[in-house]
Amino acid sequence: AKRAGRRRAHPYEHAMTEALRKRQEIVDGLHDAVKGGGFRLAFQPIADLASGITCGYEALLRWQHPERGWISPEVFIPIAEDAGLIDDIGRWVIAEACRHLAGWSPHLYVAVNVSAAQLASDALLDHLTQAVMTNGLAAERLEIEITETALIRDPAKVAGRLERIRKLGFKIALDDFGTGQSSLSHLRDLCFDRIKIDRSFVLRAASDPRSMAVLRATVRLGRELGVITHAEGVETSEQLALCREIGCDAVQGYHIGRPLIPLIDMGMPYYVQTD
Ligand code: C2E
Ligand code: CA
Ligand code: CA
Ligand code: CA
């Protein structure tokens, strides 16, 4: 029999529908997680190299989809941005990070990641101030991490916003330094408290003299600018020694400590490893 008018789905078209369906599932799941508390924060220690002591923790968002299991923030954050959910998620991250910080030793700080869409929104400043006020914290114990990609959208607006945030006492870190565009002009034009040198530089420094030269020069540049230099992705004792040798201020990475989810809230004083 002739199937008049019935078009057979092209294989690519099928793949597209499948991708869209998956995406919608993630969006639905994120909506539920925002309402129902489906998120967790993992905390990864940051060590001060001079003293060897933990000086703070970076909060990293974790989400377990009811059917799909753990999904990486690199996957769901961009989807949350598109779906208009990032302000609500970001507010929760900031509030939750501060709630934990309130229970830690006063010499520690917490860093939260802020995406481009969050930085573009007026809500961020309110979320930051509310979180420190609610928990009776000094603003200087809360740091926001922004990437170079977040800076290029609307540079003038972003610069003004960062200045206001900094005037209120919050700290600002430039994340994944060296991987974006015009890294140097950002350092020249904006005030940061810390630069987090991307882990790709640390990874290659031990085996490649050119990477080592770039890493060393970046640390020197940071020092001249009066910015804290912070190496990411320190996975081995060799890499740690190298960071010390070139005079890096702070280190973070699996060799120092993995991101862990505190379960103390559930009455269990231990941690769950997440990666
Ligand atoms: P990021 O801010 O650069 O965070 C560092 C990432 O590297 C984390 O991945 C961390 O688990 C991982 N990492 C830490 N130490 C090492 C190491 O020694 N070796 C290697 N290979 N990896 C290491 P994670 O948690 O999957 O987060 C990925 C990205 O998702 C983050 O990159 C950040 O851009 C974003 N993200 C995470 N949490 C949040 C959040 O609350 N809000 C926003 N807007 N973005 C977030
Ligand atoms: Ca970060
Ligand atoms: Ca980073
Ligand atoms: Ca990153």
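Computed from a prediction, not measured in an experiment: that's the story for all the values here.

What counts, and where the lines are drawn
The residue numbers shown here count from 1 along each chain, following its written sequence. Chains and ligands are labelled by the order in which they are written, letters from A for the one and numbers from 1 for the other. Local features in this predicted model are restricted to residues of pLDDT 70 or higher, and side-chain atom pairs are both shown and tallied only at a pLDDT of 80 or more, whereas totals for entire chains, interfaces and linings draw on every residue. Heavy atoms from the whole structure form the basis of all side-chain values; hydrogens and water molecules are not counted. Metal donors were taken as nitrogen, oxygen and sulfur atoms no farther than 2.8 Å from the ion, or 3.2 Å where the ion is Na, K or Ca. Water is excluded, so coordination may look unfinished. Runs of H or I in DSSP of at least four residues are treated as helices and runs of E of at least two as strands, each being numbered from the N terminus. Summary of the burial criterion: residues with accessible area below 20% of their type's maximum are buried, those above 50% are exposed, and those between are partly exposed, where the area comes from a 1.4 Å probe applied to protein chains only. Fitting a line to C-alpha atoms yields each axis, with helices limited to the stretch in contact; the angle taken between N-to-C directions then spans 0 to 180 degrees. Should an angle lie under 35 degrees it is considered roughly parallel, over 145 roughly antiparallel, and from 65 to 115 roughly perpendicular; all remaining angles are considered oblique. Note on contacts: a residue pair is in contact if any heavy atoms of the two residues lie within 4.5 Å. All residues other than Ala, Val, Leu, Ile, Met, Phe, Trp, Tyr, Cys, Pro, Asp, Glu, Lys and Arg, Gly among them, are scored as polar; the first ten of these are nonpolar and the last four charged. Within the patch definition used here, like charges are joined within 9 Å and nonpolar side chains (Val, Leu, Ile, Met, Phe, Trp, Tyr) within 5 Å, considering only residues with over 30% relative accessible area and no salt bridge. Note that accessible areas follow from Shrake-Rupley with a 1.4 Å probe, and for residues the cover is restricted to the protein chains shown. Between Lys or Arg on one side and Asp or Glu on the other, a salt bridge is scored when a side-chain nitrogen of the former is within 4 Å of a carboxyl oxygen of the latter. Expected span of a helix, by definition, is 1.5 Å for each gap between consecutive residues, and there is one gap fewer than residues. As used in this structure description, the phrase polar contact means that two N or O atoms lie within 3.5 Å; if the pair is within protein, one of them must be able to donate a hydrogen and the other to accept it, and residues adjacent in sequence are counted only when both atoms belong to side chains. In this text, near means that some heavy atom of the residue lies within 4 Å of the molecule or strand in question.

Enquirer: For this particular structure, what's the right way to read the coordination of the calcium ion (ligand 4)?
Expert: Around a metal, the idealised angle for a tetrahedral arrangement of four donor atoms is 109.5 degrees; for an octahedral arrangement of six donor atoms it is 90 or 180 degrees. The coordination sphere of the calcium ion (ligand 4) contains the protein donors Asp176 (OD) and Asp176 (OD), at a distance range of 2.6 to 3.2 Å. Between the two metal centres, the calcium ion (ligand 4) and the calcium ion (ligand 2), the spacing is 5.9 Å. Position of Asp176 among the secondary structure elements: in strand β6 (residues 171-177).

Enquirer: Would you explain the coordination of the calcium ion (ligand 2) in this entry?
Expert: Coordination of the calcium ion (ligand 2) by the protein comes from Glu58 (OE), Asn113 (OD1), Glu145 (OE) and Asp175 (OD), over a distance range of 2.1 to 2.4 Å. Each donor residue of the calcium ion (ligand 2) belongs to the same chain, with the gaps between them written as E-x54-N-x31-E-x29-D. In this structure, the calcium ion (ligand 2) is positioned 3.9 Å from the calcium ion (ligand 3), and both are ligated by Asp175. Pair noted here: Glu58 is in strand β2 (residues 54-65) and Asp175 is in strand β6, with a separation of 117 residues, a long-range link. The class for Glu58 is buried, based on a relative accessible area of 5%. Residue class for Asp175 comes out buried when judged on its relative accessible area of 6%.

Enquirer: Would you take a moment to explain the packing of helix α1 (residues 11-36) against helix α2 (residues 73-82) for this structure?
Expert: Two numbers describe a pair of packed helices, the interaxial angle and the distance between the axes. Packing of α1 against α2 brings their axes to within 10 Å, and their N-to-C directions diverge by 80°. What the angle tells us is that α1 and α2 run roughly perpendicular. In this structure, α1 contributes Arg23, Ile26, Val27 and Leu30 to the contact, and α2 contributes Val75, Phe76, Ile79, Ala80 and Asp82. For the contact of α1 with α2, the per-class residue count stands at seven nonpolar, no polar and two charged.

Enquirer: What's the story with a nonpolar patch on the surface in this structure? I'm lost.
Expert: Together, Leu184, Leu221 and Leu225 give the surface a local cluster of nonpolar side chains, amounting to about 260 Å² of exposed area. Mapping Leu221 onto the fold places it in helix α10 (residues 209-224).

Enquirer: Got a minute to help me understand helix α7 (residues 155-167) in this structure?
Expert: Helical geometry: 3.6 residues make up each α-helical turn, so side chains three or four residues apart lie on a common side. The end-to-end C-alpha distance of α7, which contains 13 residues, comes to 18 Å, matching closely the 18 Å that a straight helix rising 1.5 Å per residue would cover. For α7, the elements touching its buried residues are α4 (116-120), α5 (123-134), β5 (142-147), α6 (148-151) and β6. Gly169 lies just past α7 and shows a positive phi near 105°.

Enquirer: Can you help me understand the side chain of Arg161 in this one?
Expert: Within the secondary structure, Arg161 is located in helix α7. When its relative accessible area of 11% is taken as the criterion, Arg161 is described as buried. Polar contacts involving the side chain of Arg161 include one to the main-chain carbonyl oxygen of Ala120, which spans 2.9 Å.

Enquirer: Can you help me understand the site of ligand 1 in this one?
Expert: Surrounding ligand 1, one finds 23 residues, the nearest of these being Gln44, Arg62, Glu235, Tyr254 and Asp275. With respect to ligand 1, the side chain of Arg199 contributes an N or O atom lying 3.3 Å from an oxygen atom. A distance of 2.5 Å separates a nitrogen atom of ligand 1 from a polar side-chain atom of Glu235. Considering ligand 1 on its own, with 800 Å² of exposed area, one finds that the protein chains cover 85% of that surface. For the shell around ligand 1, the elements supplying multiple residues, two or more each, are β2, α2 and β6. The biggest single contributor to the shell around ligand 1 is β2, with four residues.

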